[in-house]
Amino acid sequence: MKMKTLAAMALAGAVASGPAVADLVIPDLSYRTGPYAAGGTPFSDGYQDYFNLLNARDGGIGGEPVRIVECETGYNTEKGVECYESTKGEGALIYQPLSTGITYQLIPKATADEIPIHTMGYGRTSAANGEVFNWVFNYPANYWDAASVAVNYLLDENGGDLNGKTIALVYHNSAYGKEPIRTLESLAEMHGFELSQLAVDHPGQEQKSQWLQIRRERPDYVLMWGWGVMNQVAVQEAANIGFPMENFIGNWWAGAEHDVTPAGDAANGYKSLNMNRVIDYPVLADIQSMVHDAGNAAGDGSHMGSVLYVRGMYAAMLAAEAIAKAQEIHGVADVTPAMVRDGMEALEITDARMGELGMEGIGPEFSVSCADHGGAGQGLVQQWNAADSTWVPLTDFISPDDAVIAPLVAEDSAAFAAESGITPGCL
Amino acid sequence: MSADFLYGIEVIINGLMAGVLYALVALGFVLIFKASGIFNYAQGVMALFAALTLVGIMEGQVPFAHLLNAIFGTDIHHFGWEVPALLAIFLTVLVMVAFAWAVQHFVFRHLVGQEPIILFMATIGLAYFLEGVGDLMWGSDIKTIALGLPQGGSFWVEDMTASLGGDDFYGFFIDKLDMVATVVAIVLVISLIAFAQYTKQGRAMRAVADDHQAALSVGISLNYIWVLVWSLAGIVAMVAGIMWGAKSGVQFSLSLIALKALPVLMLGGFTSIPGAIVGGLIIGVGEKLFEYTIGAPFLGGATENWFAYMLALIFLVFRPQGLFGERIIERV
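Residues numbered from 1 in each chain as written. Chains lettered and ligands numbered in written order. Predicted model: local features only at pLDDT ≥ 70, side-chain atom pairs only at ≥ 80, totals over all residues.

## A closer look at unusual backbone geometry
Short version of the rule: Strands here mean DSSP runs of E at least two residues long; helices mean DSSP runs of H or I at least four residues long; both are numbered from the N terminus.
In the segment running from Tyr139 of chain A into Pro140 of chain A, the intervening peptide bond is cis, with an omega of 5°. Positive phi outside glycine occurs at Leu98 of chain A, with the angle close to 55°. Along the chain, Leu98 of chain A turns up in the loop between α3 (77-87) and α4 (100-113). Unlike most non-glycine residues, Phe64 of chain B shows phi in positive territory, near 60°. Within the secondary structure, Phe64 of chain B is located in the loop between α2 (43-58) and α3 (65-72).

## Considerations on the interface of chain A and chain B
To keep things clear, this is the line we draw: The contact rule is simple: place each C-beta atom from the backbone, and if two of them lie within 7 Å, those residues are in contact. Note on residue categories: nonpolar means Ala, Val, Leu, Ile, Met, Phe, Trp, Tyr, Cys or Pro, charged means Asp, Glu, Lys or Arg, and polar means any other residue, Gly included.
On the chain B side, the residues contacting the 36 residues of chain A number 37 residues. At the level of secondary structure, the elements contributing two or more residues to the side of chain A that touches chain B comprise α2 (37-58), β6 (194-200), α8 (208-217) and α9 (229-240) of chain A. By residue class, the composition of the side of chain A that touches chain B is 14 nonpolar, 15 polar and seven charged.

## Describing the pairing of strand β7 (residues 221-225) of chain A
All names here are of chain A. Our working definition: Note on burial: count the other C-beta atoms lying within 10 Å of the residue's C-beta; 20 or more is buried, 12 or fewer is exposed, in between is partly exposed, and C-beta positions come from the backbone. Think of it this way: DSSP has to see at least two bridges between two strands before they count as a pair. Here, the term right-handed applies to a crossover whose path from the first strand over the helix to the second runs clockwise when the strands point away from the viewer.
Counting buried positions along β7 yields five of five residues, so the element is predominantly enclosed. On β7, burial covers both faces: Tyr221, Leu223 and Trp225 on one face and Val222 and Met224 on the other are all buried. In terms of strand pairing, strand β5 (residues 166-172) meets β7 through five bridges, oriented parallel. Across the sheet, the residue bridging to Tyr171 is Trp225, located in β7. Note that β7 and strand β8 (residues 248-250) share three bridges and pair parallel. Within the sheet, the bridge partner assigned to Val222 lies in β8 and is Phe248. Handedness of the β7-α9-β8 crossover: right-handed.

## Some words on the domain arrangement of chain A
All names here are of chain A. Selection criterion: Domain boundaries shown here were taken from an automatic or database domain assignment.
Each assigned domain of chain A is listed with its residue range as follows: domain 1 (22-141 + 278-377) and domain 2 (143-274). Distance between the C-alpha centres of domain 1 and domain 2: 28 Å. Taken together, the 13 residues of domain 1 in the interface contact 16 residues of domain 2. The set of elements that each furnish at least two residues to the side of domain 1 that touches domain 2 consists of α2 and α12 (307-330).

## So, the sheet that holds strand β9 (residues 271-274) of chain A
All names here are of chain A. How we decide: Axes, fitted as lines to C-alpha atoms, cover a helix only where it is in contact. Angles between the N-to-C directions of the axes lie from 0 to 180 degrees.
Sheet architecture is open: seven strands sit in the order β6-β5-β7-β8-β9-β12-β13, paired in mixed fashion. Both edges of this open sheet fall to β6 and β13 (390-393), since each of them pairs with a single strand only. Across the sheet, the mean angle separating the axes of adjacent strands is 30° when strand polarity is ignored. Judged from the four bridges that link them, β9 and strand β12 (residues 380-385) form a sheet pairing that is antiparallel. Across the sheet, residue Ser272 finds its bridge partner in β12, namely Gln382. Helix α7 (residues 181-191) rests against β5 and β6 of the sheet, and its axis sits at about 160° to β6.

Structure, rendered in structure tokens:
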């Protein structure tokens, strides 16, 4: 009798604690602790709040509720892999690793497990070639696009001529920081500007040598590929040496509010790229009323509307649209990861659709295909207004130079295919 | 004079200034190691915690607000007042003293007589615990430290020295914050030395550092001295946290500044306050000069971190106890 009762209780417990089969499971590999928490927290808040909105407003996606499974990575690659391993069994539909290091580790694993990865504006750039990286998507833009967008912006600023100009690249001395070098070298050759490279060691707390070098060499422009404390210190050091802030442009991971506020007024005029426009979207009001006011916010609500919050929300929207597309293609609401991959590959984001979703103009229009997992590759330039503590968009979305980027993507992805024994093709 | 030569001097000056900042972190390690033989892995986190506490108090932030809100469903974040800087510094010192007492009372009192490696492990645990408590208490957002510390290059120095070279020399760059840090470090070191030499507690502290058993035999309370030493290390950590936090904002990567102190300690010795200063200066100048002359032109840059450790290793080979460390004599 006792044994029967125990067995029944164990069975009931197992049933109660097991995954709800009908849920659409979205893991959130977040980092709310550690040195990079200031960047990870707002992104994760935006990512989760949008799914919470869909649950509250629409009952999920296609009538299926979304279940977020959050796992703290601390921006640590090993922990990120552990998070992947511990959440994939829940029925994970799509991963957003939010770290280039974690992405590199997950590419072979997720490919083997047949779970799609979305690395929005980070990760392995050549994953834009969907014929090699069937399960990896990096739309709407990647690092090489960012480098090209920055140069195209500077070309525009200089009447189409950068000949004889000097551009210094201050970069995090890591795989992430080195990503744009090859593209910038090609562009330097093409447009006749001189590229000076200055590496900054992790974590970037001490950059005196690099900025003294910039003060000596007086480049016309400084581009920055930074993350974490490196950004705040670089902005402060640039101000310290009196470098004109309007000639200092960070990439889209060096353009959030917390990157500039520690330097105060001295950061005024600093520019950065962005892959998502930051304005007061109608969807934010919906999130406020249906998620935050209902007590279901992912965080404390303080990051609502910030650059990285909006980016997280944008990433969630792209994931939700891909799931909806998968449901449409396969005619079922309870989709599998493979079906979501199909949805991602057939994704089409239009201005009209973004308007319907209450986030008109948040990103560029783009469509995804088997050959192109990279999207439009566009980015805009924004400038920090210290007096108002706001980022002001200076441009519309700028296109990269595909004639430069495409051969680099083809070459790098071909090398990956060769070393991994992959025969390129569509699924 | 040639611009290259003058820029070399500029690099040396800035290296000295950077060295002072490294030494500020190293001082905290030295204080605790000298008095108790504990290598305090948590020193960097203490700098972070002290800076977080200072900013939190100044801004009138409610400690553990996220936790309270999550438990009670409230929405409180700030008390609605701001605390003047000096009072906030005083209150932060009190918090660090309370922390020192808690560390001694709850951790190290129970580990008396244990092997140094056990004590070191305990400080690793302490580091992670304190980082978590700091996050829970004050949140993980980057905070601005509004103490009104001057920032930016000194135009006066720049203008006065610009005429030393030709058109391609723009005068020496010296960061005003680094100048302040240098003055603060000098005052701090003089104060610590004066405290150790001329006060009863300071002499007791030195007695404990020299010989625990002998100090005990003349009635000095080890518990009291260790609380005192951890408190002093906490105050030094606060100063380091303020100076580094002024550069980057107060954020969790501040705890990593401990990495800059390790080669300083290896070079200067773990038991000498002057050693921490001289070690800091040597490392600061060495790494900056190497980056300027060899690292950036020939090796692709970013050589400072590894060069600092390499320099310290070279010193270790010839003088294992560090420049100013106590000579290791073992008699059979």
